[in-house]
Amino acid sequence: MDGSALRVNISTVETPREDTVSALVRRASAGDTRAFEALYRDHVGRIYGTILRLVAMDRARAEELTQEAFVRAWQKLGSFRHESAFSTWLHRLSVNTALMALRGKRETESADEEALELAAGGEIPFCAAERGDLERAVSELPPRARAVLVLHDVEGWKHEEISAELGMAVGSSKAQLHRARGLLRRALGEAA
Amino acid sequence: MSEFEWRNGMRKVGGPVEPGRDLWPDIAAKISAVPQEKRRLRLPTFAIAAGVLVACGAVLFAWQLQNKPVPQQPTTLAVNTPVSKRVINNVVENDEHAPRKVLANASDELNDASTSIQQALEQRPDAVFLVNLLNKTNSQRLRVMKKSYAG
């Protein structure tokens, strides 16, 4: 692919309207890789950001999973029904990809959650914490608590959505969030 | 700290993040080697729901199996899932090999459930709850397998 073609593609999706996105999705579903590249460039920041937070700021892992998510999206475009926004479908698919990887990792490494909780130490007050400090503290949360915190507080999901998607009771989702916030406060130096 | 202040603080963590390198060349190489799946007839929602119900029943039964000794004498078990009833009906009364049969049947049911969920995931790759269900089912399969070998 030459550079000029790439520049044209990027410029057409800088501020995509839903009908533009929909047209790109239809072209990509028909096998148009240029259209899919435009979709990738429009969505990669949000997808990579979400996966990065779910995998505890492991950049190499997040890059690998972002690639995997987009490859899966390419394969599964035929199952996208245009009933919801493409961005929502892609976001869910990406969260799914990351959660599957997290589950696999937890089984093989048998991470000790108590040890992870102890690792969440620090003396920085929340209000003064910089983005890097917050990201570090979030990344040190136990996997399940981190997933609920990221999906609820960062991605804006509701407890009902989290409980449905993660297969837990609404009360468990709230409990995990409460636990995650407590650990985060402690990590940032604020009494829970 | 109020909920508002907390959410305000958490906004610092959110938002798009650009990867350290352009991932597109790798993705382009991969998708050129991976064919797109053709649009298939969708499984009706009730079929996916049935698969999930079967899985839930199997998981519930396997859980009960782990927590209750299987009686040697005929008795009434307070189990209401269709899968559990089907499995238990297969147990021959007063059969000394009954526990082993129950485990084998539970294992079969869990395998079927796992396959059903994977098929549902093919149809709905964005359904996160199916991944969680699949993970739970696979964990139960592992436990039942271990119990079979131990017994």
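Residues numbered from 1 in each chain as written. Chains lettered and ligands numbered in written order. Predicted model: local features only at pLDDT ≥ 70, side-chain atom pairs only at ≥ 80, totals over all residues. Heavy atoms only, no water.

Focus on the packing of aromatic side chains
Heads up, the condition is: Pairing of aromatic side chains requires ring centres within 6.5 Å, counting the rings of Phe and Tyr and the six-membered ring of Trp. Pairs whose planes differ by under 30 degrees are stacked, by over 60 edge-to-face, and all others tilted. Lysine NZ or arginine CZ positioned within 6 Å of the ring centre and within 35 degrees of the ring normal marks a charge as sitting over the ring.
For the structure shown, the criterion picks out eight aromatic pairs over all chains. Taken together, the aromatic side chains of Phe36(A), Tyr40(A), Phe70(A), Trp74(A) and Trp24(B) make up a single cluster linked through ring pairs. Across from the ring centre of Trp157(A), 4.2 Å away, lies the NZ or CZ of Arg92(A), which sits over that ring.

Things to note about the interface of chain A and chain B
Cut-off, in case you're wondering: What makes two residues a contact is simply this: any of their non-hydrogen atoms within 4.5 Å. Buried area is understood as the total, over both parts, of accessible area removed when two parts are fitted together, assessed with a 1.4 Å probe. When a carboxyl oxygen of Asp or Glu lies within 4 Å of a side-chain nitrogen of Lys or Arg, that pair is called a salt bridge. Two N or O atoms count as a polar contact when they lie within 3.5 Å, although within protein this holds only if one can serve as hydrogen donor and the other as acceptor, and sequence-adjacent residues are included solely when both atoms are side-chain atoms. The secondary structure listing takes helices from DSSP runs of H or I that are at least 4 residues long and strands from runs of E that are at least 2 residues long, numbered from the N terminus.
Chain A puts 62 residues into the contact, and the matching count from chain B is 43 residues. Both faces combined, the contact of chain A with chain B buries some 4,800 Å², and carbon together with sulfur accounts for 56% of it. Our count for the chain A to chain B interface comes out at three salt bridges. In this structure, Glu63(A) and Arg21(B) form a salt bridge, with 3.1 Å as the shortest nitrogen-oxygen distance. Remark: the boundary between chain A and chain B carries 16 residue pairs in polar contact (both at pLDDT 80 or more). Of all the secondary-structure elements, those providing two or more residues to the side of chain A that touches chain B are helix H2 (18-29), helix H3 (33-54), helix H4 (59-76), helix H5 (86-109), helix H7 (131-139), helix H8 (143-154), helix H9 (159-166) and helix H10 (170-187) of chain A. Among the elements that line the side of chain A that touches chain B, the one with the most residues is H3(A), at twelve residues.

Brief notes about the pattern of salt bridges
So the rule is basically this: Burial classes: relative accessible area under 20% of the type maximum marks a residue as buried, over 50% as exposed, and values in between as partly exposed (1.4 Å probe, protein chains only).
Here the structure, examined in full by the defined rule, presents eleven salt bridges over all chains. Here Asp32(A) makes a salt bridge to Arg27(A), at a shortest N to O gap of 3.2 Å. Residue class for Asp32(A) comes out partly exposed when judged on its relative accessible area of 23%. A salt bridge links Glu37(B) to Lys76(A); the nearest nitrogen and oxygen atoms lie 3.2 Å apart. Taken together, the residues Glu37(B) in the loop between helix H2 (24-33) and helix H3 (45-67) and Lys76(A) in helix H4 connect one chain to another. Exposure remark for Glu37(B): the relative accessible area of 29% places this residue in the partly exposed category. A relative accessible area of 5% places Lys76(A) in the buried class.

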